[in-house]
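Summary of structural features
Each chain, written out:
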Amino acid sequence: MEINWYGMSCFRITERKHATIVTDPYAADMGLGELKLKADVVAISHDAPGHNFTQAVSGVEQVLSGPGEYEIGSVFITGIATPSKNGKFNNIIYVFDYNGLTVAHLGDIGDVPSQKQIEDLELVNVLLVPVGAGSSLNAARAAELVSMIEPNIVIPMHYGLPGLKPKLDPLEKFLKEMGATDAKTESSFKVSSADGLPEETEVIILSS
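Residues numbered from 1 in each chain as written. Predicted model: local features only at pLDDT ≥ 70, side-chain atom pairs only at ≥ 80, totals over all residues. Heavy atoms only, no water.

1. Observations concerning the pairing of strand β11 (residues 101-105)
Of all 5 residues in β11, 5 are buried; the element is thus mostly enclosed. As judged from the 5 bridges shared by strand β10 (residues 90-98) and β11, these two strands associate in the antiparallel manner. Across the sheet, the residue bridging to Asp97 is Thr102, located in β11. As paired elements, β11 and strand β12 (residues 126-130) share 3 bridges and run parallel to each other. Note that in β12 the partner of Ala104 across the bridge is Leu127. For the crossover that starts at β11, traverses helix α1 (residues 115-120) and ends in the parallel β12, the hand is right-handed. (Buried < 20%, exposed > 50% of the residue type's maximum accessible area, 1.4 Å probe, protein only. Helix = DSSP H or I, 4+ residues; strand = E, 2+ residues; numbered from the N terminus. Pairing = 2+ DSSP bridges. Right-handed = clockwise from strand over helix to strand, strands pointing away.)

Okay, structure coming up:
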């Protein structure tokens, strides 16, 4: 499996003989330039220009935008509705299961979810978590949620970047909360199976 990050909450997840998934594609007016991606599935956490610009993705067979259970291209996908910070929309957490290797995308989650939802996330291997405040978790709340879920890998998203128009906190705040100021930066995250993941939670920074 390979995970690439394009800024904001937009990732592309690929695995041989499985559906390719793009999460939360954003419009060019976000300030990060124009996205041009290809995927089988687009998963949208909520209806906002920074997260729902499906026109940026070609080849799409299915767009997911709500809770439920889906099996698409050998990937088992669970959508879990959570309240947003301002209560104006329901955010969708997506858990993608690739033959037992699980990736959870928390979308624009505004607060720590319910105990039941935490239990649904306890076996997640890779957690894609917003850390830059705004309408989603701030650094302290994000770190608190990570400690509850205890994934093998944490990849932060939705934080301040040069040119980004939404004003979000810098990544450094989250790294400090996690005690991970020496976390390594990679161009992409690659793993072949859950057996190859560290037992203790590790923060990986992806370059956009």
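2. Re the pattern of salt bridges
Across all of its chains, the model carries 5 salt bridges by this definition. The residue Arg141 makes a salt bridge to Glu144 at a minimum N-O spacing of 2.7 Å. Here Glu144 and Arg141 lie together in helix α2 (residues 139-149), a separation of 3 residues that amounts to about one turn. Taking the relative accessible area as the measure of exposure, Arg141 reaches 31% and is therefore partly exposed. Judged by its relative accessible area of 30%, Glu144 falls in the partly exposed class. (Salt bridge = Lys/Arg side-chain N within 4 Å of Asp/Glu carboxyl O.)

3. Some points on helix α3 (residues 171-178)
Taken together, the buried positions of α3 are occupied by Leu171, Phe174 and Leu175. Down the axis of α3, the smallest arc covering the buried residues is 100°, so these residues share one side. Across from the buried face of α3, at angles greater than 90 degrees, the exposed residues are Glu172 and Lys176. Considering only its buried residues, α3 is in contact with β12, α2, β13 (153-157) and β16 (202-206). Note on α3: the residue one or two positions beyond its end, Gly179, has a positive phi of about 65°. (Arc of directions from axis to C-beta. Contact = heavy atoms within 4.5 Å.)

4. Let's talk about the pairing of β12
When you tally the buried positions in β12, you get 5 out of 5 residues, the bulk of the element. Residues Val126, Leu128 and Pro130 line one face of β12 and the alternating positions Leu127 and Val129 line the opposite face, and both faces are buried.

Such coordinate-based values are descriptive only and should not be taken to indicate function.
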